[in-house]
Amino acid sequence: MAEKIQWETLKSYEDILFQFHEGIARISINRPHKHNAFRPQTVTEMIDAMHICREDVRIQVIILTGEGGKAFCSGGDQSVRGHGGYVGEDQVPRLNVLDLQKMIRSIPKAVIASVAGWAIGGGHVLHVICDLTIAAENARFGQTGPMVGSFDGGFGASYLARIVGQKKAREIWFLCDQYDASEALDMGLVNKVVPLEKLEEETVKWCKKIQDKSPLAIRMLKSSFNAELDGQAGIQELAGNATLLYYLSDEAKEGFNSFLEKRKPDFDKFPKFP
Ligand code: S0N
């Protein structure tokens, strides 16, 4: 029998759970009556939680999941889809899930999607963007855009194609078929498939394996994987990490110390590499 993780609530929200356990943050969409479809407020809350994940140095790995065991996320809540986006209480139409996608992509910590049940539409794109996906045997994957009058031509198309290949990505979008967990594993869309009752245990096991590794190496790798695909934004991420590492060096410290001490910097004493 799998040991139940004792998650501690980090912050309370209406649409999501945000929890913590031993360096792992868990963000879970809590709208099981809608198969965890997101409305603008859901996304705003997830963005807030992701900000906390970025800033809180105790958090090393992030799990993205959905409550109820029947759905990871079924995409945008179609009942609040209006003219030009999804409409919240302020009556403004938004596609704020695109901001969340960018945060998952650029946060310098591993994000693991833990998928039980449906990962459909914008919900499918969310798992695609995560660094890794662990799926339960009941997971089902697919896009619905052309069926319900939408499409995601950003990461949802181009990054999906990088993962499963151009032909398969076009099939997924053009046909709007659904794929079970073993088909998803075969096409490299998920990293591992486990029985539903083992999903959390397995996901946490993967988190712990990552937590045992060098955080700076994980950070550099994530931005390196992104850099090739994300153009100037990707280069900025990787370069920002290079600057971080440079700041840690005695050579960089000599630069700012010399300024503060009103003297000429002496860079001669630092090693040169071929
Ligand atoms: C997942 C499906 C196939 C499951 O079918 P099943 O098991 O028969 O369950 P249902 O009875 O259909 O569902 C149970 C209850 O949940 C509600 N529900 C399910 N999904 C949604 C949803 N997305 N929005 C609102 N409600 C949902 C059902 O209505 C039902 O409730 P009751 O019992 O009260 O009727 C099936 O549910 C399904 O096909 N769902 C819809 C999937 C879908 O089309 N999602 C939207 C796809 N589009 C996006 O996600 C767009 C995302 C986005 O924001 C975006 C981002 C970037 C660029 C563009 C866009 C864009 O807008 O396109």
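This section reports on the structure supplied with the text. (Residues numbered from 1 in each chain as written. Predicted model: local features only at pLDDT ≥ 70, side-chain atom pairs only at ≥ 80, totals over all residues. Heavy atoms only, no water.)

**Topic: the sheet that holds strand β6 (residues 81-82)**
- Ordered in space as β6-β7-β8, the three strands form an open sheet in which the pairing is antiparallel. Unpaired on one side and paired on the other, β6 and β8 (93-94) mark the two borders of the sheet.
- Pairing analysis gives two bridges linking β6 to strand β7 (residues 85-87), with the strands arranged antiparallel. When the sheet's bridge partners are listed, R81 is paired in β7 with Y86. (Pairing = 2+ DSSP bridges. Helix = DSSP H or I, 4+ residues; strand = E, 2+ residues; numbered from the N terminus.)

**Thoughts on the packing of aromatic side chains**
- Tallied over the full model, the rule gives one aromatic pair.
- Look at Y13 and F18: their rings are 6.4 Å apart centre to centre, the planes differ by 55°, and that puts the pair in the tilted class.
- With a relative accessible area of 1%, F18 lands in the buried category.
- Over the ring of F20 we find R58, and its NZ or CZ is 4.7 Å from the ring centre. (Phe/Tyr/Trp six-rings, centres within 6.5 Å; stacked < 30°, edge-to-face > 60°. Buried < 20%, exposed > 50% of the residue type's maximum accessible area, 1.4 Å probe, protein only. Lys NZ or Arg CZ within 6 Å of the ring centre and 35° of its normal.)

**Details of the environment of K222**
- For K222, the location among the structural elements is in helix α9 (residues 215-229).
- At 3.1 Å, the side chain of K222 and the backbone oxygen of I107 are in polar contact.
- Among the polar contacts listed, one links the side chain of K222 to the backbone oxygen of K109, at a separation of 3.1 Å. (Polar contact = N/O pair within 3.5 Å; in protein donor to acceptor, adjacent residues only side chain to side chain.)

**Focus: the nonpolar core**
- Of all hydrophobic cores here, the largest spans 50 residues; its most connected members are I27, I62, L100, I104, L126 and F141.
- In terms of residue count, the dominant contributor to this core is helix α1 (residues 40-55) (six residues).
- If you look at the next biggest cluster of nonpolar residues, it comprises 16 residues, including V61, A116, I134 and V204. (Core = buried A, V, L, I, M, F, W, Y, C linked by side-chain atoms within 4.5 Å.)

**Digging into the side chain of S258**
- Along the chain, the position of S258 falls in helix α11 (residues 250-260).
- Looking at S258, its side chain comes within polar contact range of the main-chain oxygen of G255, at 2.7 Å.
- Setting aside chain neighbours within four positions, we find S258 in contact with R263, K264 and P265. (Contact = heavy atoms within 4.5 Å.)

**Quick notes on the layout of surface pockets**
- Empty space within the largest pocket amounts to approximately 630 Å³.
- For the largest pocket, the lining is made up of 28 residues, of which C130, D131, L132, Y159 and F225 are closest to its centre.
- Looking at the lining of the largest pocket, the elements that each hand over two or more residues are α2 (97-106), α3 (122-129), β11 (132-136), α5 (155-164), α8 (199-211) and α9.
- Looking at the lining of the largest pocket element by element, the count peaks at seven residues for α9.
- Looking at the lining of the largest pocket, its residues break down into 16 nonpolar, five polar and seven charged.
- Taken together, 25 residues form the lining of the second largest pocket, with Y86, L95, G122, S150 and F151 sitting closest to its centre.
- Breaking the lining of the second largest pocket down by element, the ones donating at least two residues are β6, β7, α2, α3 and α4 (145-148).
- If you tally residues by element for the lining of the second largest pocket, the top one is α2, at three residues.
- Broken down by class, the residue content of the lining of the second largest pocket amounts to nine nonpolar, 14 polar and two charged. (1 Å grid on protein atoms, 1.4 Å probe; cavity = no way out; pocket = protein on both sides within 12 Å on 5 of 7 lines; lining within 4 Å. Points joined across faces, edges and corners; volume = space filled by probe spheres on them. Nonpolar A, V, L, I, M, F, W, Y, C, P; charged D, E, K, R; others polar.)

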